[in-house]
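# Topology and contacts: notes
This is what each chain is made of:
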Amino acid sequence: MTEKSFAQKVLAWYEQHGRKHLPWQQDITPYKVWVSEIMLQQTQVSTVINYFSRFMEALPTIKSLAEAPQDEVLHLWTGLGYYTRARNLQKTAQIIQHEYQGNFPNTLEALIKLPGVGRSTAGAILSLSMNQRAAILDGNVKRVLCRYFAIEGYPGDAKVSNKLWQLAEDLTPYERVNHYTQAMMDIGATVCTRSKPVCLICPVQTDCQARKYASITDYPHPKPKKELPKKQTVMPLFKCQNSVLLYQRPNIGLWAGLWSLPELGSYDEIEKYAQQQGLQMIKLKPLEKLIHTFSHFQLTIEPYLIEVIPAINEIAESKKIWYNLIEPQRLGLAAPVKKLLTKVI
DNA sequence: AAGGCGGGGCT
DNA sequence: AGCCCAGCCTT
């Protein structure tokens, strides 16, 4: 006896555990599958059940949907979100009504052209309602495949997505595609869940690569964090005895109202700045660079510790202070500034 | 508080 | 092609 194929295992699982009593699985039609798929794109099954039933009661046919007032369609959609989908739903119903004599097209190419129907939804309609061999790749299936094959990379990335589609199509059986498709979605939704997957009851656990390496929840890889824009600044710590020169930031913008070190564009500006402030530089020592991450950018701080002698007739300014490191004044400091100050005591 | 979801629309 | 968005829900 030869080893069962992936699809055979999935189909065997479907017999026992697959969902067969959902409202859109009764007296299956392309219309029901389509409406349910659009709803399921954004909402979980338990919620969709009620919306779906109400929707079908009010608009039981493509024709009724095509001819309904838009307000009626949106009313039935209220609470589901993504309202352009409700509008697309009606647009597509009108196209089917007028250009396809009320019958769903039965090819991938034609289905994909319908507004709101992409490759995955088209695959679902073909396989679930027409038992045509077509693959789907919704979030559930993506997760199952990413884990089973330990797919590296973010599934939203085009290269990774192409790979997943290829695998999804290769695995799709020639018989009982409808059951296979339903089973894949069910496994993703009930077994191979995002967190706490129940591998022990999974029909394909033995060959699952992610499970093999005990790294199930490492897959699918998360969306890579966008690299934050990088900015640089030079911060001189002008030090005289136990005090460092700080200045107060304006009341708007970054670090509003907090006290900070001077922020200079480059090392070359230090001397000029010191001169302006009437500071005589005695000794200069570069400190270790400091990276500070904001929500929207990353700031690399190049600090320099500079011993200075202030001018005799130094002018006091309200926005300027000699901050005593031994007996610190009580005032607000920008976080990285606070950190820098602890290093020079 | 962040991230996922399938497709559309913009660059 | 790659990026961002929608609106609600889960984690």
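Residues numbered from 1 in each chain as written. Chains lettered and ligands numbered in written order. Predicted model: local features only at pLDDT ≥ 70, side-chain atom pairs only at ≥ 80, totals over all residues. Heavy atoms only, no water.

For chain A, the name recorded in an unreviewed UniProt entry is Adenine DNA glycosylase, with Entomomonas moraniae as its organism. Under the UniProt heading Sequence similarities (unreviewed entry), the note attached to chain A is "Belongs to the Nth/MutY family." (UniProt positions renumbered as here; feature names shortened; annotations may be inferred.)

So, about the overall build of chain A. When you go through chain A residue by residue, the secondary structure sums to 14 helices and seven strands. Along the first, second and third principal axes, the C-alpha atoms of chain A reach 95 × 60 × 30 Å. Out of the 345 residues in chain A, the part that is buried amounts to 46%. If you take every contact in chain A between residues at least 6 apart in sequence, the share linking residues at least 24 apart comes to 64%. Accessible area for chain A stands at about 19100 Å²; split by element, carbon and sulfur atoms hold 52% of it. Averaged over its 40 positive side-chain charges, chain A has a centre that lies 4 Å from the centre of its 30 negative ones. (Helix = DSSP H or I, 4+ residues; strand = E, 2+ residues; numbered from the N terminus. Buried < 20%, exposed > 50% of the residue type's maximum accessible area, 1.4 Å probe, protein only. Contact = heavy atoms within 4.5 Å. Areas by Shrake-Rupley, 256 points an atom, 1.4 Å probe, with all protein chains shown as cover. Lys, Arg positive; Asp, Glu negative; His and termini not counted. Charge placed at Lys NZ, Arg CZ, Asp CG, Glu CD.)

Before going further, it helps to examine the pattern of salt bridges. All told, the structure shown has eight salt bridges when counted by the stated rule. E169 is the partner of R119 in a salt bridge, and the nearest nitrogen-oxygen pair spans 2.8 Å. Of this pair, R119 sits in helix α8 (residues 119–130) while E169 sits in helix α10 (residues 158–171), placing them 50 residues apart in sequence. R119 sits in the partly exposed class, given a relative accessible area of 32%. Linking E263 and R249 is a salt bridge whose minimum nitrogen-to-oxygen distance equals 2.6 Å. (Salt bridge = Lys/Arg side-chain N within 4 Å of Asp/Glu carboxyl O.)

Time to look at the environment of P220. Here P220 shows up in the loop between α12 (209–212) and β1 (230–240). The partly exposed category is assigned to P220, whose relative accessible area is 26%. Considering only alpha carbons, one finds P220 and R147, 73 residues apart in sequence, at a separation of 6.7 Å. Excluding residues within four positions of it along the chain, P220 makes contact with R143, C146 and P155.

Taken as a whole, this structure holds eight aromatic pairs when the rule is applied. Ring centres of W24 and F52 lie 5.3 Å apart, and the angle between their planes is 75°; on these two criteria the pair is classed as edge-to-face. Taken together, the positions of W24 in the loop between α1 (6–17) and α2 (30–40) and F52 in helix α3 (residues 45–58) put the pair 28 residues apart, joining distant regions of the chain. W24 gets classed as buried once you look at its relative accessible area, which sits at 6%. Each ring, one from W34 and one from F104, has its centre 5.4 Å from the other, and the planes form 70°; the classification is edge-to-face. One end of the pair, W34, is in helix α2; the other, F104, is in the loop between α6 (83–99) and α7 (108–112), with 70 residues separating them in the sequence. There is no split in this pair, since W34 and F104 are both buried. Joined through ring pairs, the aromatic side chains of F6, Y148 and F149 make up one cluster. Above the face of the Y14 ring, K20 is positioned so that its terminal group lies 4.8 Å from the ring centre. The ring of Y82 has R85 sitting right over it, with the charged end atom 4.2 Å from the ring centre. (Phe/Tyr/Trp six-rings, centres within 6.5 Å; stacked < 30°, edge-to-face > 60°. Lys NZ or Arg CZ within 6 Å of the ring centre and 35° of its normal.)

Once that is clear, we can look at the side chain of S161. Locating S161 in the fold gives a position in helix α10. In this structure S161 comes out as buried when scored by relative accessible area, which is 18%. The residues contacting S161, other than those within four sequence positions of it, are L137 and P155.

This part is about the protein's contact with DNA strand B. For DNA strand B, the set of nearby residues contains 18 residues, the closest of which are R85, G116, T121, G139 and K225. For DNA strand B, the backbone portion of the atoms within 4 Å of the protein, that is sugar and phosphate, comes to 76%. Within the backbone of G116, a nitrogen or oxygen atom sits 2.5 Å from a phosphate oxygen of DNA strand B. A distance of 2.6 Å separates a phosphate oxygen of DNA strand B from a polar backbone atom of G139. Looking at the surface near DNA strand B, the elements with two or more residues in it are α8 and α9 (139–148). (Near = heavy atom within 4 Å. Polar contact = N/O pair within 3.5 Å; in protein donor to acceptor, adjacent residues only side chain to side chain.)

Before going further, it helps to spend a moment on the packing of α2 against α8. Closest axis-to-axis distance for the α2/α8 pair is 9 Å, and the angle between their directions is 140°. Our pair here, α2 against α8, has a crossing hand that is right-handed. On α8, the residues that touch P30, V33, W34, E37 and I38 of α2 are T121, A124, I125, L128, S129 and M130. (Axes fitted to C-alpha atoms, helices over the stretch in contact; angles between N-to-C directions. Left-handed = near helix turned anticlockwise from the far one by under 90°.)

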